[in-house]
Amino acid sequence: MGRTLMTRTLSILLIASFMVVLTDLPMLAQTGEEILTTEAFLSPPDEIAQVVLAPRHENVSLSNRSPDGKYFLRTLGDGLPPMANYARPFYRLAGTQIDPVANRNRRFSTRTDIGFELIDWETGNRVRVDAPDGARTSNPAWSPDGTKVAYFVHTDDATHIWVYDIAVGRARAVTRTATLTVLASSFSWTEDSASIVAVLLPADREDEPVKPAVPTTPMVRVAEDGENKLRIYASLLETPHDRALLEYYATGQLSMIDVARRRAVPIGSPDMIRSFNISPDGQYLRVTRMIKPFSYIVPMGNFGTVEEIWDLEGNILHEIQKRELRTGIGGSQGGGGGRFGAGGGGGDDKRSLFWRPDGEGMSFLQMEPRKKSESDSTDAGDEPAEDETAEEEDEEPRKDRVMQWIAPFDSTSTRMIYESETRMSSVAYSADCQTLFITENEGGTRTTYVIYLDDPETRYVISEYKTEDYYANPGSLQSKRGPMGGSVIRTSTDGSYVYLSGSQPFENWDEEAPKAFIDQVEIRTGEVERVYETPDGFSERIQVMDDDLALLMISRESPTQIGDSWLWTRATEDMRKMTNNVDHSPEITNAVRQRFQVTRADGITFWVNVTLPPDYVEGTRLPAMWWFYPREYATQKAVDESKRRTNINQFPRVGTRSMVILTKLEYAVIEPDCPIMGEPGALNDKYTADLRMNLYAVIRALDDRALVDVDRMGLGGHSYGAFGTANAMIQTPFFRAGIAGDGNYNRLLTPGGFQSERRELWAAREVYLRMSPILWANELSGALLMYHGMDDQNTGTAPFHAPKMFHALNDLGKTAALYMYPYEDHGPATMETNLDLWARWIQWLDRYVKDYEKYEDAEKEKEGEGGRPGRRGG
């Protein structure tokens, strides 16, 4: 395929306030050039802006149902947030962003709602609750009795809790002291609906620690003993002042707020509360505190924590678990070590620890104690026997137990509820806790069964299947909120049935979409009746409305029908439409779509999605924009299995940055899989070769189908897709232009590994070198536009990567542009940024892909008139 050399070089660098570094260029196609060089936030053509700003947030999804079943709660948004929300002062401390003026996590200052509404599903009546003037809302939560809704109200300088009373139709603030939502970013109702537990600002709080006018210490870092493999984290603590700031903004007062009296009673002393969970009887709390020391080399998620049971006075009744600071020693990169409440813990530890839904203490799983032998009678100070490990391996099998733990939560207040010969994975309860629903995994078989505590010797198997058989999953037990809070298994009103729900996938996913289903299982006989299954041609989600499945709320969509909620009646199988959502981009919904499989030179097969304008005429070769993201696989089977969750019946999603929007401008949009194949532990050894084979196989298929003009193609991607874009433009001559967002262009700066690459730089030096675009920038062909969020906090894609790559391309005389967007993280969020991106993307693609011949002819004409083509400035 011929390629006309691009003789002009456009080099743009927009940083901070969009300062532009311009090259010495003749101004051809004045309007187009100005779009690429203007120091202002721009907007794309109206037909594109309308799609980007479409009010998709106005569509309704019926969810978040009230405990009494009468209402659905829907939050009210107002579209893309303005940059002004993000421009408020904030701190970055240990990977967390804090709004210091309002004492809250920054996300509560950037992305919130304008209110919420309550929808009576039987009558269709709606009650709208707006945020107070000048404020925003978030986190609406039903009271357990369903009569009230509590929610955060965010003003410029504080966050308070408000409560809306449905009966009186009035909302008011229930906190007199502002909340602190830096660590614990939610609140909890008590079961009697009378009180709310939250973290408030401490009484008599001192002023924020003052940064020394003159540094009091150099930066000090000393390596610890042992290998300390870490990722490249963003916004780590750097100074003692940073440590002091974090402790200041993390320290709050856990409090019980009387909703009627608007009075807060402190629970314990101010501390760094990470999370809390009140017991169903309202008498105890499970509290997780962050503890010192802090670290300069890992984010806050790796800092030490202690998990405890408190009473309402703040007395610590029991320490459940203590986790020390994890700095990566021994290969740990944080987040390791499961918390008991999340199913963590191993060996003899308590695991799957949670409040019992009947209010009678806590439930946990634990292996029965080891049987004592004569060798166990040694003194505490004696050295263990040399063959102690061997003895443990040869010990008799021990039973696994479901345990109850009641106040005062000491070592003597536990009792066994049930025991099994096989290790249990999980346990759940009926509302009265007299029936257990247990799941075990043994020998690759997952079994779910029921135990009635008045007959614990009898198991009633609900489901059983081989976990390696992806298509045999019978679904999961349906649960609901218990009468005292917490989750209980849903049973029929007579207690005879439970329900399994899930999504049934099919091996021929490209022809048959997964089907949502719900089955009714008779507990004592195991007989299964399918109550509902998604009909052909649709994609659905099922929401149960009652204990006998008389009514189901179905969220239904299809490739041509936007998602709406439908009420299904079991007795008649009638469907009643409950919402009337709007397709705000029907021209994209009606686009021509093709999906086909391609085979590359080494026999690896993968899939390609192509979207064409709705008026596409067969045989027309269109300019094309590719959007892709390379992924690593060890086998062809793994590549194939990655498609199993694909649902071909979903409605086409159009987001603010969906490349399919380009079909409105007569582009073909190509979205190929991009498998990088390698042996486990060496997945990237053939990265560049695989990249070339993937792209060539797709181009051949597009050319054979006469869909695309292969001389007019652009390529792009975000994050690792941006990295892949730069590599593709270096390794192949296929693309006239590229768009790369929030990428890393130098793998040497992520020496501890990246993506699925687990080898360190020093163990795979050639791989790291070969995969680093900046080291091969001299071989880049085509015009590369890069964009990057100036507050990118993603691991491995720090904002400095893009300017360094631009600097290299500018030095080499390559055609390049860079747009750095203030306040943006790893993915554009604000209205101004998203509109500006589209304005510049469209001009870039028109200039270097769709209409490249027109521009090059104009350059030649200009040169013939005595001018000269653009060159880099000196």
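For the structure given in this document, a descriptive report is provided here. (Residues numbered from 1 in each chain as written. Predicted model: local features only at pLDDT ≥ 70, side-chain atom pairs only at ≥ 80, totals over all residues. Heavy atoms only, no water.)

Right, let's talk about the overall build of the protein for a bit. Along its length, the protein carries 14 helices and 48 strands. Each of the three principal axes of the protein carries a C-alpha extent, and together these read 95 × 75 × 70 Å. Buried residues in the protein amount to 52% of all 874 residues. For the protein, the proportion of contacts with a sequence separation of at least 24, taken over those separated by at least 6, is 61%. Accessible surface, the protein: about 39,100 Å² in total, of which carbon and sulfur atoms supply 47%. Distance between charge centroids for the protein: 4 Å, based on 95 positive and 131 negative side chains. (Helix = DSSP H or I, 4+ residues; strand = E, 2+ residues; numbered from the N terminus. Buried < 20%, exposed > 50% of the residue type's maximum accessible area, 1.4 Å probe, protein only. Contact = heavy atoms within 4.5 Å. Areas by Shrake-Rupley, 256 points an atom, 1.4 Å probe, with all protein chains shown as cover. Lys, Arg positive; Asp, Glu negative; His and termini not counted. Charge placed at Lys NZ, Arg CZ, Asp CG, Glu CD.)

Counting 43 residues, the largest nonpolar core has W626, I670, L702 and M713 as the members making the most contacts within it. Among the elements that make up this core, the one with the highest residue count is helix α9 (residues 687–704) (eight residues). Not counting the four nearest positions on each side in its chain, M713 is found in contact with A624, W626, I699, V708, F734, F735, R736, A737 and V849. By size, the runner-up hydrophobic cluster in this structure holds 37 residues, among which are V182, V197, L237 and V298. (Core = buried A, V, L, I, M, F, W, Y, C linked by side-chain atoms within 4.5 Å.)

Strand order in the open sheet made by the four strands is β35-β36-β37-β38, with antiparallel pairing throughout. Of all strands in the sheet, those with a lone pairing partner are β35 (539–544) and β38 (575–577), marking the two edges. Put simply, the sheet's adjacent strands are angled 30° from each other on average, direction ignored. Two strands pair when backbone bridges link them, and β35 and strand β36 (residues 551–558) are joined in this way by six bridges, in the antiparallel orientation. Residue S539 lies in a different strand from β36, and its bridge partner there is E557. (Pairing = 2+ DSSP bridges. Axes fitted to C-alpha atoms, helices over the stretch in contact; angles between N-to-C directions.)

For the pair helix α13 (residues 831–850) and helix α14 (residues 852–864), interaxial distance at closest approach is 5 Å and the crossing angle is 75°. Regarding the angle of α13 to α14, the classification is roughly perpendicular. Between α13 and α14, the contacting residues are Q843, D846, R847, Y848, V849 and K850 on the first element and Y852, Y855 and E859 on the second. Residue composition of the contact of α13 with α14, by class: four nonpolar, one polar and four charged. (Parallel < 35°, antiparallel > 145°, perpendicular 65-115°, else oblique. Nonpolar A, V, L, I, M, F, W, Y, C, P; charged D, E, K, R; others polar.)

Let's shift gears to the sheet that holds strand β33 (residues 515–522). Ordered by their spatial adjacency, four strands build an open sheet running β29-β32-β33-β34, and the pairing between neighbours is antiparallel. The strands lining the two open edges of the sheet, one partner per strand, are β29 (476–477) and β34 (528–533).

Here we come to the pairing of strand β15 (residues 253–258). Of all six residues making up β15, five are buried, and the element is well covered by its neighbours. Where strand β14 (residues 195–200) lies against β15, six bridges are found, and the strand directions are antiparallel. The residue of β15 that forms the bridge with A198 is S255. Here four bridges tie β15 to strand β16 (residues 263–266), and the two strands are oriented antiparallel to one another. Residue pairing for β16: S255 is matched across the bridge by P266. Where β15 folds back onto β16 in an antiparallel hairpin, the turn is made up of four residues, including R262, whose phi is positive at roughly 55°.

Our next topic: the pattern of salt bridges. Enumeration according to the criterion identifies 43 salt bridges in this entry. E307 is paired through a salt bridge with R286; the nearest N and O atoms lie 2.5 Å apart. Pair noted here: E307 is in strand β19 (residues 305–311) and R286 is in strand β18 (residues 284–290), with a separation of 21 residues, a long-range link. Each member of the pair, E307 as well as R286, carries the same accessibility label: buried. Close ionic contact of D703 with R621 constitutes a salt bridge, the shortest N to O distance being 2.6 Å. In this pair, D703 is assigned in helix α9 and R621 in the loop between β40 (605–612) and β41 (622–627), connecting sequence segments 82 residues apart. The class for D703 is partly exposed, based on a relative accessible area of 30%. Salt bridges here are not isolated pairs; linked through shared partners, they connect E368, K399, R401, E419 and E421. (Salt bridge = Lys/Arg side-chain N within 4 Å of Asp/Glu carboxyl O.)

Let's shift gears to the packing of α9 against helix α10 (residues 720–731). For the pair α9 and α10, interaxial distance at closest approach is 10 Å and the crossing angle is 80°. In this view, α9 runs roughly perpendicular relative to α10, as classed from their interaxial angle. Between α9 and α10, the residues in contact are Y687, T688, L691, R692 and L695 and Y720, F723, G724, N727, A728 and Q731, respectively. Residue composition of the contact of α9 with α10, grouped by class: six nonpolar, four polar and one charged.

Bringing the environment of I257 into the picture now. Along the polypeptide, I257 turns up in strand β15. For the pair formed by I257 and G95, sequence separation is 162 residues and the distance between their alpha carbons is 31 Å.

In terms of burial, β41 is largely enclosed, as six of its six residues are buried. Across five bridges, β41 lies against strand β45 (residues 708–718) in parallel orientation. Bridge pairing in β45 places A624 opposite M713. Bridge analysis of β41 against strand β43 (residues 668–672) gives three bridges, and the strand direction is parallel. The partner of W626 across the bridge, within β43, is I670.

The next subject is the environment of P44. Along the chain, the position of P44 falls in the loop between α1 (30–37) and α2 (46–52). Note on P44: relative accessible area 6%, which makes it buried. Each C-alpha atom, one on P44 and one on S63, is 35 Å from the other, the two residues being 19 residues apart in sequence. In contact with P44, other than residues within four places in its own chain, are A49, L835, W838, A839 and I842.

Position of P240 relative to the elements: it lies in helix α5 (residues 240–250). Those residues within four positions of P240 in sequence are excluded, and the remaining contacts are T217 and Y296.

Under the counting rule described, the total for this entry stands at 27 aromatic pairs. Taking the centre distance of 5.7 Å and the plane angle of 85° together, the rings of W405 and F409 count as edge-to-face. F409 matches W405 in its accessibility class, with the two residues each being buried. On the numbers, 5.2 Å between centres and 90° between planes, the contact of Y470 with Y471 is edge-to-face. A residue is classified by how much of its surface remains accessible, and Y471, at 23% relative accessible area, is partly exposed. (Phe/Tyr/Trp six-rings, centres within 6.5 Å; stacked < 30°, edge-to-face > 60°.)

The next point concerns unusual backbone geometry. For the bond running from K292 to P293, omega is 15°, close enough to zero to count as cis. Relative to the assigned elements, P293 resides in the loop between β18 and β19. In this model, A407 is joined to P408 through a cis peptide bond whose omega is 10°. Within the fold, P408 resides in the loop between β23 (400–405) and β24 (414–420).

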